[in-house]
Structures are given as C-alpha cells and as structure tokens.
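As a plain string of letters, each chain reads:
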Amino acid sequence: MTQNLKQSVLLLLFLLLSIPVVAQVTGDYRSKASGNWGSSSTWQIYNGIAWVNATSYPGQNSNVGTVTIGSGNTVSLNVNITSYTIDKLIIGDQSGGDDTLSLPNNGVLTVNIMLVAVQSDGILTWAGNADLHLPSDAIIYNNGGEIDTDKSCNNSQRIFLGTREFSSCKGNGSYEFSFDEVESALPPPTSNGDITECEQNPIQTLTASANPPSGAHVVWYTASSGGSPVSPTLNTVGNVTYYGESVDNSDSNRRSLFRTAVELTILPRPTISVSTSPTCVFRLFSPTTYRLGVTVSAGTVTSTAGTVTNTSGNTWTITDVPSGTNIVVTVTDANGCTNELPVTAPNCACPVVSAPTSGGNESYCTGDAVPSVSASVGFGETVDWYNAPSGGTLLLLGNTTYTPSGPGTFYAEARNTSTNCRSGARTAITVTQDTPSTAAIGPDQVIFTGGNAIFTVTATNADTYQWQVSTDGGTVFNNISNGTEYAGTQSTALTVKTAGADKNGYRYRIIASKSGSSCPPTFSSSALLTVKVRTVITNRRITYRVNKE
C-alpha cells in the first residue's frame, strides 16, 4: 500500500461485505433495463412500499442512498453527477447474471458517488479511453467482480479520487494502482459500530471491533493512513477514533486499500452535590416534611420522593419530602448519563444542626508530612469525618481535626454530643499533594567577546522562572533581570547579550517554581560561561592569534 493512498483516505461510511444484503429505503434506485444512466427508462425507484418506474435518473434531482445495477443489465455512464450525492453504487445483485457499468469511449465523467462496490457478478468496464472522477474521500471496492476494459489495457483508462491519480488500467507512471491490484486487494473490515458509553465507577474499558473478510484479520491504527499498529481501547473520559485494516492471514502484504473508522467515546457523568442542607419544615395541621437544595454540573434532576423544582440554572430544590424518608436524587444530562446522590432524612425531632465550617483546604509537597484538616462547629457539637458526601466510611469520630494518610477529599459532619443529631450535609475539605518542580540546565557555553550565549533549562511542574548569576565561581548567586546585558531572565532560555571578557568564568543557574504549589522553588545546577578573546594587538604591531578550540 502506498503512502499517498494512506494519506488521502477519510472514511465516513462503509459497505457490508455481502452487499446488497441491505433493505431498500425510500429513494433507492435499481436498474430495470440496459441503457444510458441519464435515461429514466433505465431505472426503477423504491417509493417506500414497492419498486415503481422512475421519472428521473439517480442523482438528477436529489441525494440518493443506494443505486444497484442488476438483473443482467448493462448501464452506460453518460452523465456527470455533481449537484447531488449518491452514497453507494452497487454493481451486481449477486443473482448470477453479468451486471455491468460501462464508461463510454473518450468520456470524462465526474460523479459524486461515495462508494463503488463491484460484486461477484458485477463488471466495471471501459468501452475505450475514459476517466472516472470520484470525490477525494470516496471508496472503490471489488468484492469478487471485474474491473477491466473492452479494448487493450493502457493508461488512458483511469480512476481519480479528487485530484489524486488513484488507478489506471496498467498502473504505470503516477497512478498508484493498476485495475488488477484494485481487484485483488482485500475488502476493508466491516465495523461493528461506534461505541458510546457513560463513565462508570471504576471507569470501564471500551474496545473497537470490526469483522474482516474470510481468511483475514484486522490490524488497528490511530490514523486513516500510516502509523503503527495499536490496541484499539479507551479507558478515560473522552473519545478516540481507531482505523481497522484487513490483512490476509497467509500473506501480510495483501491488505485492504482503505481502513474502517470506529469511534470510541466515554462521556463524563454529571456531578451533583447538596447545596442547601436538608431542613425540616413544620406546618400547622400538616405532616412534617423536609427540603434540600442540590447543584448539578448540567442536566435534569429527579428524586425518589418529594417535589423537584429547577430554581435557577443548575440549582434545584426538592421539597415536601415526608419526614423520615431517605431519598435518592438523580441527575440526568443531555447525553443520558446519570449520577445519584443518596440523601439521609434529617431527624426532625432534633434541633437543626448546621454543617461544619471548613478550616480551609490544605496542600503539601511530595515527601513532606501530610497536613491536618479542621472544621469548626457550634457549642455542644463535634465533628465526625467521612470519605464521602453521604454514607461512606467513618474515618474519625468526634474530633474537629483530622490527619489523613494521603491526599483526597474528606467530609466533616457535625454532631450534637448530647442528642447525637447530625447535620443534614457534610462539608468537603480537600488535601492536595503537589509535585516538586525539576530543572535540568543545558551545557556550558563558550563564546568570543561580543557574542551572545544562550543557556537553556528543561523544567517540569513549573511555570515561574528566575535566572541567577554567580561572579565568584558559584559561591554566591544573585537574581538578574532583562536589560542591555540579559534577555529571557524569567523564561527557560537565558541570553547573555554581547558578553565581554569580564564575564569569563561567570556561572548561571535557574530557580523554577509552580504557582500556588506548596513545594519550595527548585534550584538547578549551574552552567559555566567562557568568553574568549579573538585577537590581541600590541603597540609593537605584533599580533598574537589565539587558536579556536
């Protein structure tokens, strides 16, 4: 398979391996007699119930799904089709007779047909010298039929995909394939369909699949042409398209000329959290109920009990929930993805317990001790710590301070120490682990006086930089700034401009840090600047030249 072929294929649709095992749809055409393509008397059209005589030829007045040449008919392509598009042209109905599409002698035919499939009883033939021009992203595919010419084979019988010189009868010169090579190539695999799923917890793995022709297997790539084989999987939120190529089991050089695209998508689940704690509602002569508010990232909210109202934007309230009834609040987004939030009914016999007030999120640098988090509550109350906004595992009982073993989000629930009544919502506090910056400086620099020296550094986990210079061989370093002597003092590339001999022996290093990180700045090692003098002239007019090293 040539590189030019691989680089031009954009595969938007594919045929079934045994076309036409496809139910006809309204607007499809089939041949009823031999004749010219541009004559309506050659065709029948499917009206949704039955095949009836056509009043126009395929592509004359509208887009068409499938056109089939069958019943032993020979159709001569005598018109251009450029205003409308035909999805599939099937040459051969697999009923046994020869079904033929003929290109007339000296014709130049341009047709918007996205797929040309030559079946086992189909023939695509040239009556003479003629050009067939298809769209640049079209597919021409042989399924056991013939692609030949009624006269002697030469390079004046040609197939173009857009401006690309795809095939000629002999395949010489700039044409990529001969008709024989197109005939003998494997069909592309048949996709089992794109896969789209909502994110699961833990996240799932999707795998693309396609069915190869008999005696072949599928090799997957990340592009429609070129590249190296890959495993066609996805296990993160997002989407990826893989391209399957048919490869003969006995001869790995025999492949399909086109690849089948299969897209994998894992959609993110919408988020939902309690924004207003469950609160008891007391009414005269009416049962006690409770209400709460939730905030979602997007979507529609439902509840197993109570009345749900969209307050504004992504804020929803659930009211009139019977006292003592635990509920599950569900958000469903436009993609059909859902997320559930179990809510424990507040004890309406208890005084209201407000959620704790966060002592603030914490962060620490890798290698340092994990900091404690804290929350404050009202008089007579304490804090219980959990690993989830509701339910979950109890981490620590009865302490306003908690020291986790590592990073994460922890939830503080207030509890009255006398009644054990609890807050209807928990307060989330996050501990983040920051990764230190790294800074690897480039090589020493050697220049002549008046030249520029460029020092570079490769950094990770950094977005703030400050270059320093040492004039005493690396004992003391001082910050430098942009000006007549330096440029790029706060970037990863420092330029020492028009350096004089006085800078010979100076050493340079960089301080790298990450904004908002708890990790201290990182100092790189230093690099040496050597400044050489090109020429020394004495008053005796004797010149000493210094050799370059």
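Residues numbered from 1 in each chain as written. Predicted model: local features only at pLDDT ≥ 70, side-chain atom pairs only at ≥ 80, totals over all residues. Heavy atoms only, no water.

Examining the side chain of Ser-256
Cut-off, in case you're wondering: Secondary structure elements follow DSSP: runs of H or I no shorter than four residues count as helices, runs of E no shorter than two count as strands, and numbering proceeds from the N terminus. Any N or O atom pair separated by 3.5 Å or less is treated as a polar contact, with the protein-specific requirement of one donor-capable and one acceptor-capable atom, and with residues adjacent in sequence counted only for side-chain atom pairs.
Within the element layout of this structure, Ser-256 appears in the loop between β24 (238–248) and β25 (260–267). In this structure the side chain of Ser-256 is engaged in a polar contact, spanning 2.8 Å, whose partner is the backbone oxygen of Phe-258.

Quick word on the pattern of salt bridges
Defined as follows: Any carboxyl oxygen of Asp or Glu within 4 Å of a side-chain nitrogen of Lys or Arg constitutes a salt bridge here. When accessible area is computed with a 1.4 Å probe and restricted to protein chains, residues below 20% of their type maximum are described as buried, those above 50% as exposed, and intermediate ones as partly exposed.
Within the structure shown, the criterion is met by 10 salt bridges. In this structure, Glu-245 engages Arg-255 in a salt bridge whose closest nitrogen and oxygen atoms are separated by 2.6 Å. With Glu-245 in strand β24 and Arg-255 in the loop between β24 and β25, the pair connects residues that are 10 residues apart, well separated along the chain. Of the residues examined, Arg-255 reaches a relative accessible area of 26% and is grouped as partly exposed. In this structure, Arg-259 engages Glu-245 in a salt bridge whose closest nitrogen and oxygen atoms are separated by 2.8 Å. Of the two residues, Arg-259 sits in the loop between β24 and β25 while Glu-245 sits in strand β24, which places them 14 residues apart along the sequence. On the accessibility criterion, Arg-259 (3% relative accessible area) is buried. In this structure, a network of salt bridges that share partners links the residues Asp-384, Glu-413, Arg-415, Arg-422 and Arg-426.

Some points on the pairing of strand β41 (residues 438–441)
Working note: regular strand, side chains alternate between the two faces of the sheet. Defined as follows: Should DSSP find at least two bridges between two strands, the strands are taken to pair.
Residues Ala-439 and Ile-441 point to one face of β41 and are all buried, whereas Thr-438 and Ala-440, pointing to the other face, are not buried. Alignment of β41 against strand β43 (residues 453–460), held across four bridges, turns out to be antiparallel. From the neighbouring strand, Ala-440 faces β43, where its bridge partner is Thr-458.

Comments concerning the confidence of the model for the chain
How we decide: Per-residue confidence from the predictor is reported as pLDDT, which spans 0 to 100. Whether two residues are in contact is decided by their heavy atoms: any pair within 4.5 Å suffices.
Across the chain, the average pLDDT comes to 90, with 92% of residues at or above 70. No element of the chain has a lower mean pLDDT than helix α1 (residues 3–8), which averages 34, and none a higher one than strand β20 (residues 206–207), which averages 98. Predicted confidence for residues 1–21 stays below pLDDT 50, and this span has 70 contacts to residues more than four positions away or in other chains.

Details of the sheet that holds strand β40 (residues 427–434)
Hydrogen bonds along the backbone pair up the strands of a sheet, which may run parallel or antiparallel. Note the following rule: Axes here refer to lines fitted to C-alpha atoms; in helices the fit is confined to the stretch in contact. Angles between the N-to-C directions go from 0 to 180 degrees.
Strands sit in the order β34-β40-β39-β36-β37 across an open sheet of five strands; the sheet is mixed. The open sheet terminates on both sides in strands that have one partner only, identified here as β34 (362–365) and β37 (394–396). Pairwise comparison of adjacent strand axes, ignoring direction, gives a mean angle of 35 degrees for this sheet. When β34 meets β40, the two strands line up parallel, connected through four bridges. Across the sheet, Ser-363 pairs through a bridge with Thr-432, a residue of β40.

Points about the pairing of strand β12 (residues 130–134)
Counting buried positions along β12 gives five out of five residues, so the element sits mostly inside the fold. The pairing of strand β9 (residues 108–113) with β12 spans three bridges and is classified as parallel. Within β12, the position partnered with Leu-109 by the bridge is Leu-132. Bridge count for β12 against strand β15 (residues 157–161) is five bridges, and the pairing is parallel. Note on β15: the bridge partner recorded for Leu-132 is Ile-159.

Observations regarding the environment of Ala-50
Mapped onto the secondary structure, Ala-50 falls in the loop between β3 (43–46) and β4 (51–53). Note: C-alpha distance between Ala-50 and Pro-351 (301 residues apart in sequence) is 74 Å.

Describing the packing of aromatic side chains
Rules: Two rings belonging to Phe, Tyr or Trp (six-membered ring only in the last case) form a pair when the distance between their centres is within 6.5 Å. Interplanar angles under 30 degrees mark stacking, angles over 60 mark edge-to-face geometry, and anything in between is tilted.
A complete count under the given rule lists 11 aromatic pairs for this structure. Judged by centre distance (5.6 Å) and plane angle (65 degrees), the ring pair of Tyr-402 and Phe-410 falls under edge-to-face. A residue is classified by how much of its surface remains accessible, and Tyr-402, at 12% relative accessible area, is buried. The exposure class of Phe-410 is buried, given its relative accessible area of 9%. Note on Tyr-486 and Tyr-508: the rings are 5.9 Å apart at their centroids and 70 degrees apart in plane angle, and the pair reads as edge-to-face.

Thoughts on the environment of Cys-365
Mapped onto the elements, Cys-365 comes out in strand β34. A relative accessible area of 4% means that Cys-365 is categorised as buried. Along the sequence, Cys-365 and Thr-435 sit 70 residues apart, while their C-alpha atoms lie 6.0 Å from each other. Once you skip the residues sitting within four places of it in the chain, Cys-365 turns out to touch Asp-434, Pro-436, Ser-518, Cys-519 and Pro-520.

What about unusual backbone geometry?
Across the junction of Asn-201 and Pro-202, the peptide omega takes the value 0 degrees, indicating a cis bond. For Pro-202, the position within the fold is in the loop between β19 (195–198) and β20. If you check the backbone angles, Gln-94 has positive phi at about 60 degrees while not being a glycine. Note that Gln-94 resides in the loop between β7 (81–91) and β8 (99–103). Notably, Thr-498 is not glycine yet its phi reads approximately 40 degrees, a positive angle. With respect to the helices and strands, Thr-498 occurs in the loop between β47 (493–496) and β48 (507–513).

Structural notes on the state of the cysteines
Basically, it comes down to this: Two cysteine sulfur atoms form a disulfide, by the criterion used here, when they sit within 2.5 Å.
Under the criterion given, the structure shown has four disulfides. Sulfur-sulfur distance for the disulfide between Cys-153 and Cys-169 comes to 1.8 Å. Negative torsions about the S-S bond denote left-handed disulfides, and the value of about -130 degrees found for Cys-153 with Cys-169 makes this one left-handed. Pair noted here: Cys-153 is in the loop between β14 (146–149) and β15 and Cys-169 is in the loop between β16 (164–168) and β17 (177–178), with a separation of 16 residues, a long-range link. On the basis of relative accessible area, Cys-153 is assigned to the partly exposed category, the value being 30%.

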